[in-house]
Amino acid sequence: MAADERDYNLTEEQKAVKAKYPPLNKKYEYLDHTADVQLHAWGDTLEEAFEQCVMAMFGYMTDTETVEPVDTVEVEAEGHDMLSLLFHFLDEWLYKFSANEFFIPREVKVLYIDRMQFKIRSIGWGEEFSLPKHPQGTEVKAITYSAMQICEDEKPEVFVIIDI
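Procedures and definitions
- Residues numbered from 1 in each chain as written.
- Predicted model: local features only at pLDDT ≥ 70, side-chain atom pairs only at ≥ 80, totals over all residues.
- Heavy atoms only, no water.
- UniProt positions renumbered as here; feature names shortened; annotations may be inferred.
- Helix = DSSP H or I, 4+ residues; strand = E, 2+ residues; numbered from the N terminus.
- Rg over C-alpha atoms; globule rule 2.2 N^0.38 Å.
- Contact = heavy atoms within 4.5 Å.
- Areas by Shrake-Rupley, 256 points an atom, 1.4 Å probe, with all protein chains shown as cover.
- Buried < 20%, exposed > 50% of the residue type's maximum accessible area, 1.4 Å probe, protein only.
- Pairing = 2+ DSSP bridges.
- Axes fitted to C-alpha atoms, helices over the stretch in contact; angles between N-to-C directions.
- Parallel < 35°, antiparallel > 145°, perpendicular 65-115°, else oblique.
- Left-handed = near helix turned anticlockwise from the far one by under 90°.
- Polar contact = N/O pair within 3.5 Å; in protein donor to acceptor, adjacent residues only side chain to side chain.
- Core = buried A, V, L, I, M, F, W, Y, C linked by side-chain atoms within 4.5 Å.
- Phe/Tyr/Trp six-rings, centres within 6.5 Å; stacked < 30°, edge-to-face > 60°.

You'll find the chain entered in an unreviewed UniProt entry as Protein archease, with Columba livia given as the organism. According to the UniProt record, the Function (unreviewed entry) comment for the chain is "Component of the tRNA-splicing ligase complex required to facilitate the enzymatic turnover of catalytic subunit RTCB. Together with DDX1, acts by facilitating the guanylylation of RTCB, a key intermediate step in tRNA ligation." Database annotation for the chain, UniProt heading Sequence similarities (unreviewed entry): "Belongs to the archease family."

Okay, structure coming up:
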């Protein structure tokens, strides 16, 4: 399922917010997976592929184009290899949503990935999730390691299964 194929039946107010900003450049899709969803994200760089993976996760929860960039949140994560780094990166972003901040980004930018120390630093622009303002998609319960892949051959791409 392509990124823009999820139908959220937007209200007029949600459509108005969406119209205020340029459309997002979505480089991700949803692949069917038994009881879960596989995120497939890509970019010109590994940083962009990681950014797109975060946005794919949030795009499953709401139409991220209805989110206004009124707040910023920084997320850092570390791992012991690149797969654990991707896992912890997504998990930290999910925590920003599910803890008590309910922060949902419109855009995420990876500031750097340290491939030797397996550390990542990112910033997101968005706002607090609000049901009247943002259409409700499917809650993401957890990130999984199942079938996780980072491919850097021709174009960087990542595959992650999320528990919904």
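This part covers the overall build of the chain. When its secondary structure is counted, the chain shows three helices and eight strands. Going residue by residue from the N terminus, the α and β elements of the chain occur as α-β-β-α-β-α-β-β-β-β-β. Over its C-alpha atoms the chain spans a radius of gyration of 15 Å, differing by no more than 12% from the 15 Å that the globule rule assigns to 164 residues. Projected onto its principal axes, the C-alpha positions of the chain cover 45 × 35 × 30 Å. Restricting the contact set of the chain to residue pairs at least 6 apart, pairs at least 24 apart contribute 68%. Of the accessible surface of the chain, which amounts to about 8300 Å², a share of 47% is contributed by carbon and sulfur atoms.

With that out of the way, let us pick up the pairing of strand S2 (residues 36-42). Counting buried residues along S2, six of its seven residues qualify, which places the element largely inside the surrounding structure. Relative to S2, strand S1 (residues 28-33) runs antiparallel, the two sharing six bridges. By the bridge assignment, Tyr28 is partnered in S2 with Ala41. Where S1 hands over to S2, the hairpin turn is made up of two residues, of which Ala35 adopts a positive phi near 65°. Two elements, S2 and strand S8 (residues 157-163), share seven bridges in a ladder whose sense is antiparallel. Within S8, the residue paired with Trp42 across the bridge is Glu157.

A pair of packed helices is characterised by two quantities: the angle between their axes and the separation of those axes. Interaxial distance between helix H2 (residues 46-61) and helix H3 (residues 82-98) falls to 11 Å at its minimum, and their mutual angle equals 40°. The orientation of H2 relative to H3 falls into the category oblique. Crossing hand, H2 versus H3: right-handed. On the side of H2, the interface is formed by Leu46, Phe50, Cys53, Val54, Met57, Phe58 and Met61, while H3 contributes Met82, Leu86, Phe89, Leu90, Trp93, Leu94 and Phe97.

Let us now look at the UniProt feature "domain: Archease" (unreviewed entry) in the chain. Look at the UniProt record and you will see "domain: Archease" (unreviewed entry) annotated at residues 28-164. Secondary structure content for residues 28-164 is 24% helix and 40% strand, and the end C-alpha separation is 18 Å.

The subject of this paragraph is the environment of Thr66. Summarising the element assignment, Thr66 is placed in the loop between H2 and strand S3 (71-78). Under the relative-accessibility criterion, Thr66 is labelled buried at 0%. The spacing of Thr66 and Glu13 is 53 residues in sequence and 9.1 Å in space, taken between C-alpha atoms. Other than its neighbours up to four places away in sequence, Thr66 contacts Leu10, Gln14, Val17, Arg106, Glu127, Lys133, His134 and Pro135. A distance of 2.7 Å separates the side chain of Thr66 from the backbone oxygen of Asp63, its partner in a polar contact.

With that out of the way, let us pick up the nonpolar core. Grouped burial of nonpolar side chains is what soluble globular proteins tend to show. By size, the foremost hydrophobic cluster in this structure holds 42 residues, and its most contacted members are Phe50, Met57, Phe89, Trp93 and Ile143. Elements supplying a minimum of two residues to this core: S1, S2, H2, S3, H3, strand S4 (103-114) and S8. If sequence neighbours within four positions are ignored, Phe89 has contacts with Phe50, Val54, Val75, Ala77, Val108, Val110, Ile120 and Ser122.

Enumeration over the complete set of coordinates arrives at nine aromatic pairs. Between Tyr28 and Tyr30 the ring centres are 5.8 Å apart and the planes differ by 65°, which places this aromatic pair in the edge-to-face class. Comparing Tyr28 with Tyr30 shows no difference in burial state: the two are buried. Ring plane angle 90° and centroid distance 6.4 Å describe the contact between Phe58 and Trp93, whose orientation is recorded as edge-to-face. One end of the pair, Phe58, is in helix H2; the other, Trp93, is in helix H3, with 35 residues separating them in the sequence. By the burial criterion, Phe58 is buried, and Trp93 matches it.

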